[in-house]
Amino acid sequence: MKRESKSAVAAWILGFILVTLLGGIVYIFTSNSFEREVPEIAFPKEIEWNLKEPLKIQVADESGIRFVEVSLFDGEKSVVLESKEITAMQQIVDLNVTFPKAGLNPTQKVFELSIKVVDKSKWNFFAGNSAYAKTVIKVDTKRPEVTIVNNSYKITKGGVATVVFRAYDEAMKSLYIETNFGKKFYPTPFYKEGYYISFVAWPTTVENFSASIVATDRAGNISRSHIAYFLQDKKYKTSTIALSDRFLEGKITDLISEMAPAQSSLLALEKFKYVNEEMRKGNEEAILKVTSNIPTDLIKGFYLKPFYPLRNGQVVASFGDHRFYEYNKQPVSQSFHLGLDFASNAQASMQTSNDGVVVFARENGIYGNNIIISHGLGVYSLYGHCSSYMIKEGDVVKAGESIAKTGVTGLALGDHLHFGMYVQGVDVRPEEWMDEVWLKESIFSIIDAAKKMIDR
Ligand SMILES: [Zn+2]
């Protein structure tokens, strides 16, 4: 063999080795099995632990978890809570660790939890990537303290009741009043730190009523306190209304062409169904949205005068009426009347009997020109079918101020005022808020007595 060909072979071999090496390096740097990402540990910096439920820890890595170890340190001693070698391919590992039965100071309330995780990567000379995390564990096995200070004696179906209570926890997470029908009422800080007030409402459409204060802390300790109200049932009227062609072709057709022109091609009866069901639903949702706001700043007290929205107004329809509509003796649709209707002269001026903020003053489907005023503590008054406004949205109004004139806008036949009261989004009996005795017995005397008890 000639010298030249020998060196050519050597160069070829060297080249081959270089390319293989380079390829290997490229492979190591780009291959998943040599990835350099450290495992992820999903864990907050500080955790409250009630010791009843296991602590949930999740670790994750693209190339899989090889090893995970969790230990707890009390300042002097450390105890391994969990140590796991994982052979199977597992990109996510969920751990549920429990407090050790022995080895740590049982009176200690603050611990340090450390987690070590190693992935299955071949990086670091096949040792893998490691991650460490430390977090402060605060042991909290105490449920929030809840004491009812005072509450209204009774609640009437369709009506409202008051509760004043004390709630305390170093790490309070949530506080609300739970009901049997899924609605939650939220309390407002009241009078002095740690005390709260709330109204609760029993909707006309719900058969039974029960309410409990639910306080939850960050460690997951929950306390529930039932509020004992005497339940007073009330029967609401049901009525059957025969729909006339004059009504369908007049008011209903006008409402459709004005507020839902896209539905103009519907038959007269279908138009009625649309107005009474679809339009009504949207209008009530708009009301729910603005009447659900509750103040979160501490209030010192709460007072309202009885509402008297229309001077010399005669009641022409009552709250809670369940109306069934018929056409040619056939049932067509139904609805609940969520307010009290008053009529006096046409375009009579109406007043707000209490200070408040105008949170809504605009057209709202079947409610026509619709005003909603916030009076604080989640209490709202509503005025429908107005012919003209004397206020605008955002205005601060004073008790006794004229706010609008009655009319026939929306689903109204004659000139009248539709007056509604809402508590945290629930329509309630306006009669209670117009009744000085009810206001005193169910709200003000409860508040006064509660303040005295808090001061003691
Ligand atoms: Zn009405």
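Nothing here was measured: the structure is a model prediction, and the numbers come from that model.

Visitor: What is the right way to look at the overall build of the protein in this model?
Guide: A tally of helices and strands in the protein yields five helices and 32 strands. Rg of the C-alpha trace for the protein: 34 Å, well past the compact-globule value of 23 Å for 456 residues, more than 25% over. Judged by the C-alpha coordinates and their principal axes, the protein covers about 120 × 70 × 40 Å. Expressed as a percentage of the 456 residues in the protein, the buried residues total 32%. A separation of at least 24 residues holds for 68% of the contacts in the protein among residues at least 6 apart in sequence.

Visitor: What exactly am I supposed to notice about the sheet that holds strand β19 (residues 238-242) here?
Guide: Either a parallel or an antiparallel arrangement is found when strands of a sheet pair, and the pairing is made through backbone hydrogen bonds. In spatial order, the strands read β19-β21-β22; together these three strands make up an open sheet with mixed pairing. Edge positions in the sheet fall to β19 and β22 (330-336), since each of these pairs with one other strand and no more. With strand direction ignored, the average angle separating the axes of adjacent strands in the sheet is 25°. As judged from the five bridges shared by β19 and strand β21 (residues 322-327), these two strands associate in the parallel manner. When the bridges of β21 are listed, isoleucine 241 appears paired with tyrosine 325. Its contacts with the sheet put helix α3 (residues 268-291) on β21 and β22, and the angle it makes with β22 is roughly 25°.

Visitor: What am I meant to see in the nonpolar core here?
Guide: Proteins that are soluble and globular tend to have nonpolar side chains buried together. Core analysis: the largest hydrophobic core is formed by 59 residues, its most contacted members being Val164, Val200, Ala201, Ile371, Tyr383, Tyr422 and Val423. Lining this core are residues from two domains, each supplying at least three of them: domain 2 (145-234) and domain 3 (238-424). If we skip the residues at most four places from it in the chain, valine 164 touches Val149, Asn150, Phe190, Tyr195, Ile197, Ile446, Ile447 and Ala450.

Visitor: Quick question: what am I supposed to make of helix α5 (residues 436-455) here?
Guide: Residues spaced three or four apart along an α-helix point in a common direction, a consequence of the helix completing one turn every 3.6 residues. Taking 1.5 Å of rise per residue, 20 residues should cover 28 Å, and α5 covers 26 Å from first to last C-alpha, within 8% of that figure. At phenylalanine 444, α5 shows its largest kink, close to 35°. Where α5 is buried, its residues meet β9 (145-151) and β11 (160-168).

Visitor: Please explain the pairing of strand β5 (residues 78-85) as it appears in this structure.
Guide: Each regular strand displays side chains that alternate between the two surfaces of the sheet. Of the strand pairs in this sheet, strand β4 (residues 65-73) and β5 are connected by seven bridges, and their pairing is antiparallel. Paired with glutamate 69 across the strands is serine 83, a residue of β5. Linking β4 to β5, which pair antiparallel, is a turn of four residues; within it glycine 75 sits at a positive phi near 105°.

Visitor: Mind showing me how you'd approach the sheet that holds strand β3 (residues 55-60) here?
Guide: One open sheet holds the three strands; their spatial order is β1-β3-β6, and the pairing between them is antiparallel. Edge strands, defined here as strands with exactly one partner in the open sheet, are β1 (40-42) and β6 (92-97). Going across the sheet, the axis of each strand differs from the next one's by a mean of 20°, ignoring polarity.

Visitor: I'm lost on α3 in this one. Help?
Guide: Its 24 residues place the ends of α3 33 Å apart at the C-alpha level, agreeing with the 34 Å of an ideal helix rising 1.5 Å per residue. Of all bends in α3, the biggest is about 35°, found at arginine 280. When we look at burial in α3, the residues that qualify are Lys271, Phe272, Val275, Asn276, Met279, Asn283, Ile287 and Thr291.

Visitor: In this structure, what is going on with the environment of threonine 162? I would like to understand it.
Guide: Assignment of secondary structure puts threonine 162 in strand β11. Those residues within four positions of threonine 162 in sequence are excluded, and the remaining contacts are Asn151, Ser152, Ile197, Phe199, Ser442, Ile443 and Ile446.

Visitor: Sorry if this is basic, but what is going on with the domain arrangement of the protein here?
Guide: A common way to state how big an interface is: give the accessible area lost once the parts meet. Each assigned domain of the protein is listed here: domain 1 (34-139), domain 2 (145-234) and domain 3 (238-424). Of note, the centres of domain 1 and domain 3, computed from C-alpha atoms alone, are 59 Å apart.

Visitor: How should I be thinking about the environment of valine 164 in this particular structure?
Guide: Here valine 164 is to be found in strand β11. For the pair formed by valine 164 and alanine 127, sequence separation is 37 residues and the distance between their alpha carbons is 61 Å.

Basis of the calculations
For every chain, the first residue of its written sequence is number 1, and the numbers climb from 1 along that sequence. Since the coordinates come from a predicted model, pLDDT governs what is reported: local features require at least 70, and pairs of side-chain atoms require 80 or more to be given and counted, while whole-chain, interface and lining totals use all residues. Here a helix means four or more residues in a row that DSSP labels H or I, a strand means two or more in a row labelled E, and each is numbered from the N terminus. This radius of gyration counts C-alpha atoms alone. The globule rule is 2.2 Å times how many residues there are, raised to the power 0.38. A residue is called partly exposed when the number of other C-beta atoms within 10 Å of its own lies between 12 and 20, exposed at 12 or fewer, and buried at 20 or more, with C-beta atoms placed from the backbone. Any pair of residues counts as being in contact when their C-beta atoms, constructed from backbone geometry, are within 7 Å of one another. At least two DSSP bridges between two strands are required for those strands to pair. Lines fitted to the C-alpha atoms define the axes, with helices restricted to the stretch that makes contact. Angles between their N-to-C directions range from 0 to 180 degrees. By our criterion, buried Ala, Val, Leu, Ile, Met, Phe, Trp, Tyr and Cys residues that link up through C-beta atoms within 7 Å make up a nonpolar core. Here the limits of each domain have been adopted from an automatic or database domain assignment. Expected span of a helix, by definition, is 1.5 Å for each gap between consecutive residues, and there is one gap fewer than residues. Note on bend: at a given residue it equals the angle between the axes fitted to the 7 residues ending there and to the 7 starting there.

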